[in-house]
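Each chain is listed here by its residues.
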Amino acid sequence: MISEMKKTTCHSIYNRQVYILIDQGSGMDKTDPGKSLSRWELIAENVQGDMNNMMRDRAGHKVCDEFSIYLFSRNRVGRKITVDKHSSFRRNVIEENYPDTNRFITRTLESCLQDWQQRSQQKKYAEKAFIVIYTSGIFDDFKKFNKRVLELNNNFGDSDAIKIIVIGVGGDFEESHVISSMLKLYFSQKKSYVFFFESTSQMTGIIDLLETSINITTGDFIPQWIRNRYPDLCRQYNQPNPEHSKSISRNKQKIHKCPRCGSQNSIKNGYLVNKNERKQRLKCKDCGRNYLEKYNKNVDS
């Protein structure tokens with residue numbers, strides 16, 4: 001069962017156009033407590049590692065071979081840089097640019113979307129896309145960003161043609177007002193979920209994050225670290241169906257141990273869905289094994 005799920009999941013994330021949008025605002029110049037480098041310097045390692053994983057060949061499949069990278073700051077379309085396996089992300093992007101002032105993203109996002117739609121009509125480019133946004137906080141034009149995401153949700157919400165994934169960089173992103181805004185946008189989506197978010201300090205890896213963004217088909221999403229840190233905030237946005245709650249309560253005493261190492265230290269990692277039911281997928285935080293919970297949940301719950 002797990003092997004079938006993995007095969008399906010991997011197929012859906014491969015062969016995509018990938019746009020990476022990097023916050024060039026002044027917040028990226030900050031150095032977080034306990035760190036010796038600024039966020040701008042640290043993101044060089046984070047993004048390069050993510051790019052390497054997306055370009056890595058997995059049984060003849062890759063997420064992509066090249067990236068369209070945009071830097072966003074002022075209220076204008078950000079600079080575009082194309083990077084592939086022969087390019088140096090650090091040299092071409094990080095070392096040749098520096099944090100600026102603002103954090104406006106909507107015009108840059110619109111440019112990405114237009115580029116994607118034009119390129120997807122050409123046979124040499126993939127039809128589907130990921131837009132991965134690295135940012136240290138809320139966008140200065142978040143209302144416009146919110147509106148555009150919801151428009152995309154209405155247009156593409158029934159498919160996985162486009163996914164927008166915001167990845168937080170630094171401690172400011174994990175503050176309650178930022179998480180509140182991100183959750184509100186996420187739960188405003190009415191169909192499938194175009195928009196998804198996580199933090200660099202909490203994510204297990206970019207491939208897992210891409211898979212999760214594809215697998216989410218219900219509003220039953222809040223990363224465990226957010227549930228632990230902001231329980232009152234989560235209750236505002238996560239109001240499950242009563243029958244779903246009953247199903248969970250009947251099994252709340254069940255302990256799910258990793259079948260490989262026996263650890264109980266796991267996180268939710270999307271769903272395995274078929275015609276009649278959906279099963280919660282778990283990922284062991286100790287050994288990385290993916291496995292399923294023991295109980296089922298109705299697809300409509």
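What comes next concerns the included structure. (Residues numbered from 1 in each chain as written. Predicted model: local features only at pLDDT ≥ 70, side-chain atom pairs only at ≥ 80, totals over all residues. Heavy atoms only, no water.)

Some points on the packing of helix H5 (residues 142–156) against helix H6 (residues 176–188)
So the rule is basically this: With axes taken as lines fitted to C-alpha atoms, and helix axes fitted only over the stretch in contact, angles between N-to-C directions fall between 0 and 180 degrees. Put simply, DSSP marks the helices as runs of H or I at least four residues long and the strands as runs of E at least two long, and each gets a number from the N terminus on. An angle below 35 degrees is treated as roughly parallel, one above 145 as roughly antiparallel, one from 65 to 115 as roughly perpendicular, and anything else as oblique. Crossings are classed by handedness, with left-handed meaning an anticlockwise turn of the near helix from the far one by less than a right angle and right-handed meaning a clockwise turn. Pairs of residues are marked as contacts when any of their non-hydrogen atoms sit within 4.5 Å. Polarity classes work like this: nonpolar for Ala, Val, Leu, Ile, Met, Phe, Trp, Tyr, Cys and Pro, charged for Asp, Glu, Lys and Arg, and polar for all others, with Gly in that last group.
Where H5 meets H6, the axes come as close as 10 Å, and the angle between the chain directions of the two elements is 25°. On the basis of the axis angle, H5 is roughly parallel to H6. Note that H5 runs across H6; the crossing there is right-handed. Residues Phe 142, Phe 145, Asn 146, Val 149 and Leu 150 of H5 pack against Ser 181, Met 182, Leu 185 and Ser 188 of H6. Here the residues of the contact of H5 with H6 sort into six nonpolar, three polar and no charged.

What about the side chain of Thr 135?
We apply this condition: Using a 1.4 Å probe on the protein chains alone, a residue whose accessible area is under 20% of its type maximum counts as buried, one over 50% counts as exposed, and one in between counts as partly exposed.
Within the secondary structure layout, Thr 135 lies in strand E4 (residues 129–135). Residue classification places Thr 135 among the buried residues on the basis of a relative accessible area of 0%. What Thr 135 contacts, discounting residues up to four positions off in sequence, is Asp 23, Phe 72, Arg 103, Val 166, Ile 167, Gly 168, Val 169 and Phe 173.

Quick word on the environment of Tyr 291
The topology assignment puts Tyr 291 in strand E9 (residues 290–292). C-alpha of Tyr 291 to C-alpha of Lys 257: the two residues are 34 residues apart in sequence and 9.4 Å apart in space.

Digging into the packing of helix H4 (residues 106–119) against H5
Look at H4 against H5: their axes get within 9 Å of each other, and the N-to-C directions meet at 25°. Our classification of the angle between H4 and H5 gives roughly parallel. H4 and H5 meet at a crossing whose hand is left-handed. Side by side, H4 and H5 meet where Thr 106, Leu 109, Glu 110, Leu 113, Trp 116 and Gln 117 of the first sit next to Lys 144, Phe 145, Arg 148, Leu 152 and Phe 156 of the second. In the contact of H4 with H5, the residues fall into six nonpolar, two polar and three charged.

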